[in-house]
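# Observations on the three-dimensional arrangement
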Amino acid sequence: MIEAVLLLLCVLGCVVLTVAPLPSPEFMDPKSPRARSMRVSERRWAYTLLTISSFLFLTLYAYSRGADWRAVGYLAVMMVVSIALIHPWLLVRGLLIPLGQVELAYRLSRLGGHPWLRDPTGGAVLSGALALVRRGQHHQGLASWLEGHLDDGPLRGAGVAAAGLLAASRGDVADARVLLESVEALDPELCPQAAWKIAIDWRVADAASRGAWREVLQLGRTGLKTSRTTRLVTLAAARMTGEWAEDAALVRAWLLAPRRLGNLSLLRLALRQAAPSVSETRETGDAALDRLAVVAPLAALDAAVAANDGHTPCADVVGLQVETLAALERREPDEQAALVARLALAWDRALRSNFLLEHLSGRVLEVRASHAAEELRDQLESDVAADLACALQHHRVPLSRLSALLHERERPSPVLARAIDRVTGDLLAEIDETAQALSERQHRLAEQHKRLSLVDPDGAGNFHSIELWRAWLAVRDVYEDVARVGGEQVRRLAFPTLEKQLGRLALWVWQVHDERGFADAIFLWLLREAEALGNTASADTYRHNLAVSF
């Protein structure tokens, strides 16, 4: 009787948990991904509670009938198997991923459950990718098989993280870095927290392998609960950058982290780094970098370079140009701008000197040239500006810093003004080419979708979403690089061109393929850019799109 009452109470609890309403719509949209994932989670926990209560009921019933311990053992095995099917991540994480069982990890994860409630398809592929990485050796067949399953569902956070791990497995670290960084571009409602943590763990390990300790600190202190290994690397990075980190805290983090033998070298490296004193910790971060960055003012540079005082001004400036180009490789942006401005001012003096004009006039008379000396000087100035523009493009010297340095002078620099104009035109042309390439790729995928619709209507909805995601990330990176180099003016000129193409792409993936997470990432980025540029009309449009997309 007691067993029957216990089972009845558990069944009633499961029913109540399953049919219970969601929180008030004032706080949550019942049709949102978060609400749907909560509903799935409630059902999973109801199944778990029913499984445990059934085990307890059958165990008590077996004991009341005089059964021995073997019957209880069989029931316990059945309960463990049932819970593993309800929550497959427990078995996948604890057994299949360490053993490198790619196919089993993927297929078992397809059953769903925590932590892939918001991205079941991408979570299954990510589980297989983790197992592939743990193998230690890339298997192209398994990697291609996993990548093919990314198109089985909408592209979300776990799917993007899986694509990044697969790129890392085949040795394409640059692609993996871009993809795993882009996980943050997706709406948190569509990105499982486990996928976000896996992406951060990989990025922290990648930054630590490059010695980018400040990047490790930035990633490790995002506020998200990180893994034990990431906490160890973050503490070591703090010690390596001169921040205070106790030896006991480092040792304790090393003991708590897995793979202690593999992390022993990192612990020794951090412990060898002497802990800073109180006076040494007063100047850290950007202040220490500012102290080391020495940028000579243009007034001193004007006095240091008197190119029109000698008899061979162009020869002197050519030597200065060789020195400047060699020094640009290992300087900070402020120093680069100062060096380029100094070189441009030296060329201005040389090209405007009376000695050069007299020398050109004499040469025109000697060779009986058809051009005047002033025309030759203008052509020489144009060539010098073109060479200087190539150097600015190659070293990605920010134009805004150059403009700020020039505004400090009373007289303009014709050479630098021409060079800036050429760089501006090249940057805008780069944006146009990138937008055109994205448009062509979208058109090609649309044609492929139409052909698949005629051959296989059921599978026509699947398209290479991760390929298009890479294309969108490439366009975004090009724009951000162009905006960083060109400054506010180039940014305002380039945004309308890119806005038009990205808006079309977002509407296409949303309306045709129901890739709402993809479209939402684009709309969110466009919204931030429109707000930064003060474009209120575009910002209101993207806010509306974000509001109705979910």
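Here the structure is shown first, and the text comes after it.
I will try to describe carefully the structure that is included in this document. (Residues numbered from 1 in each chain as written. Predicted model: local features only at pLDDT ≥ 70, side-chain atom pairs only at ≥ 80, totals over all residues. Heavy atoms only, no water.)

## Some words on the packing of aromatic side chains
What the rule picks out here adds up to 9 aromatic pairs. Judged by centre distance (5.3 Å) and plane angle (80 degrees), the ring pair of Trp89 and Trp116 falls under edge-to-face. Pair noted here: Trp89 is in helix H4 (residues 89-99) and Trp116 is in the loop between helix H5 (102-109) and helix H6 (120-134), with a separation of 27 residues, a long-range link. On the numbers, 6.4 Å between centres and 70 degrees between planes, the contact of Trp469 with Trp472 is edge-to-face. Of the two residues, Trp469 and Trp472 are both situated in helix H23 (residues 465-511); the distance of 3 residues between them amounts to about one turn of the helix. (Phe/Tyr/Trp six-rings, centres within 6.5 Å; stacked < 30°, edge-to-face > 60°. Helix = DSSP H or I, 4+ residues; strand = E, 2+ residues; numbered from the N terminus.)

## Section: the packing of helix H8 (residues 157-169) against helix H9 (residues 173-181)
Relative to each other, H8 and H9 sit at 165 degrees, their axes nearing to 8 Å. As the angle between them shows, H8 and H9 are arranged roughly antiparallel. Of the two elements, H8 crosses H9, and the hand of that crossing is left-handed. Between H8 and H9, the contacting residues are Val160, Ala161, Ala163, Gly164, Ala167 and Ala168 on the first element and Asp175, Ala176, Leu179 and Leu180 on the second. (Axes fitted to C-alpha atoms, helices over the stretch in contact; angles between N-to-C directions. Parallel < 35°, antiparallel > 145°, perpendicular 65-115°, else oblique. Left-handed = near helix turned anticlockwise from the far one by under 90°. Contact = heavy atoms within 4.5 Å.)

## Comments concerning the environment of Asp383
Examined against the element boundaries, Asp383 turns out to sit in helix H20 (residues 373-395). You can call Asp383 partly exposed: its relative accessible area is 38%. Sequence spacing of Asp383 and Val415 is 32 residues, and the spatial spacing of their C-alpha atoms is 9.4 Å. (Buried < 20%, exposed > 50% of the residue type's maximum accessible area, 1.4 Å probe, protein only.)

## Some remarks on the side chain of Ser538
Tracing the sequence through the fold places Ser538 in helix H25 (residues 536-549). Given a relative accessible area of 13%, Ser538 falls into the buried group. Here the side chain of Ser538 touches Asn535 through a polar contact of 3.2 Å, side chain to side chain. Apart from the residues within four sequence positions on either side, Ser538 is in contact with Glu499 and Ala530. (Polar contact = N/O pair within 3.5 Å; in protein donor to acceptor, adjacent residues only side chain to side chain.)

## Let's talk about the packing of H4 against H6
Contact geometry of H4 with H6 gives a least axis separation of 8 Å together with a crossing angle of 25 degrees. Judged by the angle between their axes, H4 and H6 are roughly parallel. Where H4 crosses over H6, the two elements pack in a sense that is right-handed. In this structure, H4 uses Trp89, Val92, Leu96, Ile97 and Pro98 to contact H6, whose residues at the interface are Ser127, Leu130, Ala131 and Arg134. Split by residue class, the contact of H4 with H6 holds 7 nonpolar, 1 polar and 1 charged. (Nonpolar A, V, L, I, M, F, W, Y, C, P; charged D, E, K, R; others polar.)

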